[in-house]
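The residues making up each chain are set out below.
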Protein chains: 2
Amino acid sequence: MTAISMEIIKKDTKTKARLGKLYTPHGVIETPVFMPVGTQATVKTMSPEELQEAGATIILSNTYHLFLRPGHELIARAGGLHKFMNWDRAILTDSGGFQVFSLGDLRKITEEGVEFRSHLDGSKQYLSPEKAIEVQISLGSDIVMAFDECTPYPATYEYAKKSAERTARWAKRCRDTLKTTDKQALFGIVQGSMYKDLRRESAGQITELDLPGYAIGGLSVGEPKEVMYEVLDYTVPLLSEDRPRYLMGVGSPDALIEGVMRGIDMFDCVLPTRIARNGTAMTRFGKIVIRNAEYADDFTPIDPSCNCYTCKNYSRAYIRHLLKADEILGLRLMTIHNLHFLINLMAELRKALAEEKLSEYRQKFFQDYGYEM
Amino acid sequence: MTAISMEIIKKDTKTKARLGKLYTPHGVIETPVFMPVGTQATVKTMSPEELQEAGATIILSNTYHLFLRPGHELIARAGGLHKFMNWDRAILTDSGGFQVFSLGDLRKITEEGVEFRSHLDGSKQYLSPEKAIEVQISLGSDIVMAFDECTPYPATYEYAKKSAERTARWAKRCRDTLKTTDKQALFGIVQGSMYKDLRRESAGQITELDLPGYAIGGLSVGEPKEVMYEVLDYTVPLLSEDRPRYLMGVGSPDALIEGVMRGIDMFDCVLPTRIARNGTAMTRFGKIVIRNAEYADDFTPIDPSCNCYTCKNYSRAYIRHLLKADEILGLRLMTIHNLHFLINLMAELRKALAEEKLSEYRQKFFQDYGYEM
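Model, not experiment: these values are computed from the prediction.

A. Looking closely at the overall build of chain A. Along chain A, the regular secondary structure elements total 15 helices and 16 strands. Here chain A has a C-alpha radius of gyration of 20 Å; the compact-globule value for 373 residues is 21 Å, and the two agree. The dimensions of chain A, computed from C-alpha atoms along their principal axes, are 60 × 50 × 40 Å. In chain A, which comprises 373 residues, the proportion classed as buried is 61%.

What follows is the structure, encoded as structure tokens:
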């Protein structure tokens, strides 16, 4: 018995896109789906009700951060992450690998695991495949990610190969640690950088573990988008057709659309929430820097055609005032809008997919948004 | 025709407390009432819906801050402050006097008005009784406060006398500026520091203007609470029985209770929202510093008997985690709780008043809270 399962509702006839339902212990998720990021057991500025109103059915939270503060054992005593943060829909936790490897000189990698210094207090810490899974078991997330090494870009062939092979060995240790459970499902992560044969090798090693879902890691790490799309072109078909496919760290509208058309079901990214707090709104007609002086006297909504709470009730001028005055409501209103925008984009993609109009949707969207095609 | 009017529902037989209804262009307010402070056209961290859920029927906003940023003319172009900030209940605006006088060396007072430097950019600015009213007309607040000099504490008799007399002359200029309107009502402010005969003189001069409401200023400025209560004892009876009485800048639970028992109908204070953001929760059993380590593993609500959104859904441990991790949701949850606490305290006072049980209520509250009696 597995904690999550995927139902493919429809496959697009012209692209590799799929419409699906992901069944989890905390609700059914329509895919393709975008997952807002709640790093420290909260999606920055938002309440759970606001997330639900924005249409979020699953969020991502970070093992590394929760492990260090408040500590996974505390969250276990609280009854798990869902209860701790008052979120009763699905949660995916990453493994901490990405954050730990980003620490640079502050970490030391061996085959066994990674020793590192906490960015909070410099204390010595340790994560391994086993430990990362233990932490995620304490958190009680619906989807548990394997502890991988996110290969940086650019990487030599030799480094990328070594890194992908270790990721595969670690994935097996993760699977052996997360015993069969109907509460939590393990996703493996395919690495291999931008090398086709390494991606093939990695996909083979990871899918061999017969996990309930697979992620593509090591993309959106600085490479040109065309390179990312090319990697998706040859990597996605290597993943099991009947399991969810998750592209990690992607959240720009163009990449979401291109990813869906290449057969991706799940995405996450801090982009919409981070740029919101910097005063940049996403709209169908491109980005708007609300902090700019030109909006000081603009009493229209961020996007007059948008149905979000922010656009229904507040003007650009008011939001700009809040941002300039360092008022928290400004950050909230911006975040609500950007999350609504991306989650709504996914809903529109699902609709276009159902109607076999994905390419038309893409063309219109790219034109409106101002992307090159 | 006047914009606001007061209906006295019941007078307590044992104290000077009154139960009333204040009719405004933006709803009926049950008094005694506590007004949350929304300095910069937002009650810090809160949405209008959250304020309503906390039971707020009227908020205070600051003329000084809005005059400087975003500017009252911009707010007028937005259709007024209610529309600008999406708040359709009542708004009281102060006159800016208190903030301007607090600037110390940065301001120069003459009989005509006050020249000062903006705390934002050092620019030269000017407020006078006429200007302060013009600004508040642009804002469109339901209750407009006269431009007064808030006498600092301690003040010599001579200074306090000069200051109160100027406040009276300025109040007349304010009344002459705010033409009769059914949209906005002017409140006068009684000064006189801690001198009984000056308070009497000031009350006489201000009530002579026949305004729809009166405030007591120059209290809660550093004097011992007993002194404040004594001033209230002899000043409140000098104010018109049929008009609302507003004690400015008071928001500690004990002072709210003592104020109500001395016949005050309206209060405002930044205290509950400010200490919330510092991590201090108000409860019926006294203050709780949620940031303290002792709450790290405490999975009970801030106050198990509290009905607010925060206490119904979150633990002390979670809120502490959010505060320690600098997460905005922590500030929101704390603010919701503290505002609910004070607004609920006022509702309980109204109930006790209706049942002629004010003294019993006070005794029990002081005992539970840990106040000296």
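B. Region of the structure containing the packing of helix α10 (residues 253-261) of chain B against helix α15 (residues 358-369) of chain B. All names here are of chain B. Contact geometry for α10 and α15: axes closest at 11 Å, N-to-C directions at 170°. Classified by the interaxial angle, the pair formed by α10 and α15 is roughly antiparallel. Listed contacts from α15 to P253, D254, I257, E258, V260 and M261 of α10 are L358, S359, Y361, R362, F365, F366 and Y369. Looking at the contact of α10 with α15 residue by residue, the class counts come to 9 nonpolar, 1 polar and 3 charged.

C. Examining the interface of chain A and chain B more closely. Each partner contributes to the interface: chain A provides 36 residues, whereas chain B provides 36 residues. Taken together, the two surfaces of chain A and chain B that pack against each other cover about 3,100 Å², and 54% of this comes from carbon and sulfur. A salt bridge links R332(A) to E50(B); the shortest N-O distance between them is 2.9 Å. Where chain A packs against chain B, one counts 22 residue pairs in polar contact (both at pLDDT 80 or more). For the side of chain A that touches chain B, the elements supplying multiple residues, two or more each, are α1 (48-53), α3 (72-77), α4 (81-85), α12 (309-313), α13 (316-324) and α14 (328-354) of chain A. For the side of chain A that touches chain B, the element with the highest residue contribution is α13(A), accounting for 5 residues.

D. Layout of the relation of the copies chain A and chain B. Superposition record for chain A on chain B: RMSD 0.0 Å, screw rotation 180°, translation along axis 0.0 Å. Such a combination of turn and shift is consistent with a two-fold rotation axis. Across chain A, the rotation axis passes nearest the C-alpha of I328(A), at a separation of 3.8 Å.

E. The packing of aromatic side chains, seen in detail. Using the criterion set out here, one finds 26 aromatic pairs over all chains in the structure. With a centroid separation of 6.4 Å and 35° between ring planes, the pair formed by F341(A) and F365(A) is classed as tilted. Here F365(A) lies in helix α15 (residues 358-369) and F341(A) lies in helix α14, a separation of 24 residues in the sequence. In terms of burial, F341(A) and F365(A) fall into one category: buried. Centroid distance Y361(B) to F365(B): 6.1 Å. Interplanar angle 25°. Geometry classified as stacked. Taken together, the residues span about one helical turn, with Y361(B) and F365(B) both in helix α15 at a distance of 4 residues. Accessibility expressed as a relative area gives 1% for F365(B), which makes it buried.

F. Quick peek at the side chain of R350(A). All names here are of chain A. Structurally, the position occupied by R350 is in helix α14. Since its relative accessible area comes to 17%, R350 is described here as buried. A distance of 2.9 Å separates a polar side-chain atom of R350 from the backbone oxygen of P32. Apart from residues lying up to four places away in sequence, R350 is in contact with L19, E30, T31 and P32.

G. Up close: the pattern of salt bridges. Inspection of every chain in the model, using the stated rule, returns 56 salt bridges over all chains. Across the pair K225(A) and D254(A) runs a salt bridge, and its minimum N-O distance is 2.9 Å. Here K225(A), found in helix α9 (residues 225-235), pairs with D254(A), found in helix α10 (residues 253-261); they are 29 residues apart in sequence, far enough to count as distant. The exposure class of K225(A) is partly exposed, given its relative accessible area of 31%. On the accessibility criterion, D254(A) (8% relative accessible area) is buried. In this structure, K351(A) engages E355(A) in a salt bridge whose closest nitrogen and oxygen atoms are separated by 3.4 Å. Take E355(A): its relative accessible area is 38%, and that puts it in the partly exposed class. Salt bridges sharing partners connect three or more residues here, namely E50(A), R332(A), E50(B) and R332(B).

H. Inspection of the sheet that holds strand β4 (residues 33-35) of chain A at higher detail. Residue and element names in this part refer to chain A. The sheet built from 8 strands is open, its strands ordered β4-β14-β13-β12-β11-β10-β6-β5 with parallel pairing. Each edge of the sheet is formed by a strand with only one pairing partner; in this case those strands are β4 and β5 (58-61). Strand-to-strand twist in this sheet, taken as the mean axis angle between neighbours without regard to direction, amounts to 25°. Bridge count between strand β10 (residues 143-145) and strand β11 (residues 185-190): 3 bridges; the pairing is parallel. Within β11, the residue paired with I143 across the bridge is A185.

I. Summary view of the pairing of strand β2 (residues 18-24) of chain B. All names here are of chain B. Burial within β2 is extensive, with 5 of its 7 residues counted as buried. Pairing of strand β1 (residues 5-11) with β2, which is carried by 6 bridges, proceeds in the antiparallel orientation. Looking at the pairing, I8 lines up with G20 of β2. Between β1 and β2, which pair antiparallel and follow one another directly, the connecting turn spans 6 residues. In this structure, β2 lies alongside strand β3 (residues 27-31), joined through 5 bridges in antiparallel fashion. Within β3, the residue paired with K21 across the bridge is E30. Hairpin connection from β2 to β3: 2 residues lie between these consecutive antiparallel strands.

J. Broad picture of the sheet that holds strand β11 (residues 185-190) of chain B. Residues and elements named next belong to chain B. Within the open sheet, the 8 strands sit side by side as β4-β14-β13-β12-β11-β10-β6-β5. Their pairing is parallel. For this open sheet the edge positions go to β4 (33-35) and β5 (58-61), each flanked by a neighbour on one side alone. Averaged over all neighbouring strand pairs, the angle between strand axes comes to 25°, with direction disregarded. Examined bridge by bridge, strand β12 (residues 213-216) and strand β13 (residues 245-247) share 3 bridges and lie parallel to one another. Residue I216 lies in a different strand from β13, and its bridge partner there is L247. The sheet contacts of helix α14 (residues 328-354) involve β4 and β14 (266-268), and relative to β4 the element is tilted by about 155°.

K. Structural context of the environment of P48(A). For P48(A), the position within the fold is in helix α1. On a C-alpha basis, the gap between P48(A) and G80(A) in space is 16 Å, while along the polypeptide they are 32 residues apart. Leaving out residues up to four positions away in the same chain, P48(A) has contacts with M85(A), N86(A), W87(A), Y309(B) and Y314(B).

Basis of the calculations
Residues numbered from 1 in each chain as written. Chains lettered and ligands numbered in written order. Predicted model: local features only at pLDDT ≥ 70, side-chain atom pairs only at ≥ 80, totals over all residues. Heavy atoms only, no water. Helix = DSSP H or I, 4+ residues; strand = E, 2+ residues; numbered from the N terminus. Rg over C-alpha atoms; globule rule 2.2 N^0.38 Å. Buried < 20%, exposed > 50% of the residue type's maximum accessible area, 1.4 Å probe, protein only. Axes fitted to C-alpha atoms, helices over the stretch in contact; angles between N-to-C directions. Parallel < 35°, antiparallel > 145°, perpendicular 65-115°, else oblique. Contact = heavy atoms within 4.5 Å. Nonpolar A, V, L, I, M, F, W, Y, C, P; charged D, E, K, R; others polar. Buried area = accessible area lost by both parts, 1.4 Å probe. Salt bridge = Lys/Arg side-chain N within 4 Å of Asp/Glu carboxyl O. Polar contact = N/O pair within 3.5 Å; in protein donor to acceptor, adjacent residues only side chain to side chain. Least-squares fit on C-alpha atoms with pLDDT ≥ 70 in both. Phe/Tyr/Trp six-rings, centres within 6.5 Å; stacked < 30°, edge-to-face > 60°. Pairing = 2+ DSSP bridges.

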